[in-house]
Amino acid sequence: MAAKDLLIPKYYENKLDIISTEIAIKYVKDLFERRLAHHLNLMRISAPLYVRKSSGLNDDLNGIERPVDFDIKEIKDEDIEIVHSLAKWKRMALKRYNMNIGKGIYTDMNAIRRDEVLDNLHSTYVDQWDWEKIIDEKSRNVEFLKMTVRNIMKALKETEKELDIVFENLEPFIQEDVYFITSQELEDRYPDLTPKQREYEITKQYKTVFIMQIGDVLKSGQKHDGRAPDYDDWALNGDILLYYPILDCPIEISSMGIRVNKQSLQEQLKKAGCEERLQLPFHQMLMNDELPLTIGGGIGQSRICLILLNKAHIGEVQVSQWDDEMVKVCEEHHITLL
């Protein structure tokens, strides 16, 4: 990451000192997860930091990111990987917890993504609320997906309102009303722009946007963004993006979706050229009808804290590692990295 690419707000005011920031981070996280659990009917569970490579449970994101791997002395001939996310693990957890339709789980997911390009919004340390909920066949539709997105935004707006009572100098930015658009509709609207440029234009206009159907190839022959083929159904997923005026950019706070069933799993693995994954334990369980139908996603903890606390850099709300040049530039502009 070159420091010249770092977004520096013109008139940035750090409204909370370092102690107040730490207090506010705890306040935001405690409050939001309670509101999320209430609106989505979730209970908190424990989750792994790492999984066995052979399990097929790790999320391969766009297919090019390298997981951090290591060995464990007492586990012979087996590679262990730090998770990228818990998308598939949560579905197996719901089977294990034997939950009913309409109920779900959430957990604190911590990960290392060593191939991230470091900037205002991206860190090699990832912290998010991973959640998953059991649904039935009749809920595998766009309307149910939209309703879930609206409930997430309701939880976020309620968090912002309570936060602003305690920390009066913060400026509220959350718009609860969501504008829904598919990735193909977005390409049709802005055919000459890149996917990232399209996201900027649509979020600047509508403030809170849910871009649906991410992962498949568009009419242009390009993808809006990459998605692993074996957790989200590419026809029933999407990203929640918020326009953030302090940085004049869209911020993705959640990638989520209704998960694959047997048919969509086979179709997407074939499109991705990954049909050999059908032999992995997770995929075998899904093909044998041993896993529940679910909806789920991840919600970035540090990104939500950044927005609600009016910060300019994700390093102001989490502890990570940054290159020396970025640290220097941030210091020069009174951006306090933790």
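This text goes with the structure placed above it.
The structure presented is a predicted model; accordingly, all values stated were derived computationally and were not measured.

(A) Structural context of the environment of Leu291. Inspection of the secondary structure puts Leu291 in the loop between helix 7 (281–287) and strand 11 (294–300). Setting aside residues no more than four positions away along its own chain, Leu291 makes contact with Arg91, Met92, Lys95, Phe282, Met285 and Leu286.

(B) Layout of the sheet that holds strand 9 (residues 232–244). Read from one edge of the open sheet, eight strands run 1-5-6-11-10-9-8-7, paired in mixed fashion. With one partner strand each, in any of the chains shown, strand 1 (42–44) and strand 7 (179–182) form the two edges of the open sheet. Strand after strand, the sheet turns through a mean of 25° between neighbouring axes, direction not considered. Judged from the five bridges that link them, strand 10 (residues 249–259) and strand 11 form a sheet pairing that is antiparallel. Of the residues in strand 11, the one forming a bridge with Ile258 is Ile295.

(C) Highlighting helix 6 (residues 262–272). The set of residues buried in helix 6 consists of Ser264, Leu265, Gln268 and Leu269. End-on, the buried residues of helix 6 take up no more than an arc of 130°, which puts them together on one face. Away from its buried face by more than 90 degrees, helix 6 exposes Gln263, Lys270 and Lys271. Buried residues in helix 6 make contact with strand 9 and helix 7. Positive phi shows up at Gly273, right after helix 6, with a value of about 70°.

(D) Layout of a nonpolar patch on the surface. On the surface, Ile18, Ile19 and Ile23 cluster together to form a nonpolar patch covering roughly 300 Å² of accessible area. Looking at the element boundaries, Ile23 is found in helix 1 (residues 18–40).

(E) Summary view of the sheet that holds strand 3 (residues 69–72). As summarised here, the arrangement of the three strands in space is 2-4-3, forming an open sheet in which the pairing is antiparallel. Each edge of the sheet is formed by a strand with only one pairing partner; in this case those strands are strand 2 (50–52) and strand 3. The sheet shows a mean angle of 40° between the axes of neighbouring strands, direction not considered. Bridge count for strand 2 against strand 4 (residues 75–82) is three bridges, and the pairing is antiparallel.

How each quantity is defined
- Residues numbered from 1 in each chain as written.
- Predicted model: local features only at pLDDT ≥ 70, side-chain atom pairs only at ≥ 80, totals over all residues.
- Heavy atoms only, no water.
- Helix = DSSP H or I, 4+ residues; strand = E, 2+ residues; numbered from the N terminus.
- Contact = heavy atoms within 4.5 Å.
- Pairing = 2+ DSSP bridges.
- Axes fitted to C-alpha atoms, helices over the stretch in contact; angles between N-to-C directions.
- Buried < 20%, exposed > 50% of the residue type's maximum accessible area, 1.4 Å probe, protein only.
- Arc of directions from axis to C-beta.
- Patch = residues over 30% accessible without salt bridge, like charges linked within 9 Å, V, L, I, M, F, W, Y side chains within 5 Å.
- Areas by Shrake-Rupley, 256 points an atom, 1.4 Å probe, with all protein chains shown as cover.
- Salt bridge = Lys/Arg side-chain N within 4 Å of Asp/Glu carboxyl O.

Functional significance is not addressed by these values, which are geometric in nature.
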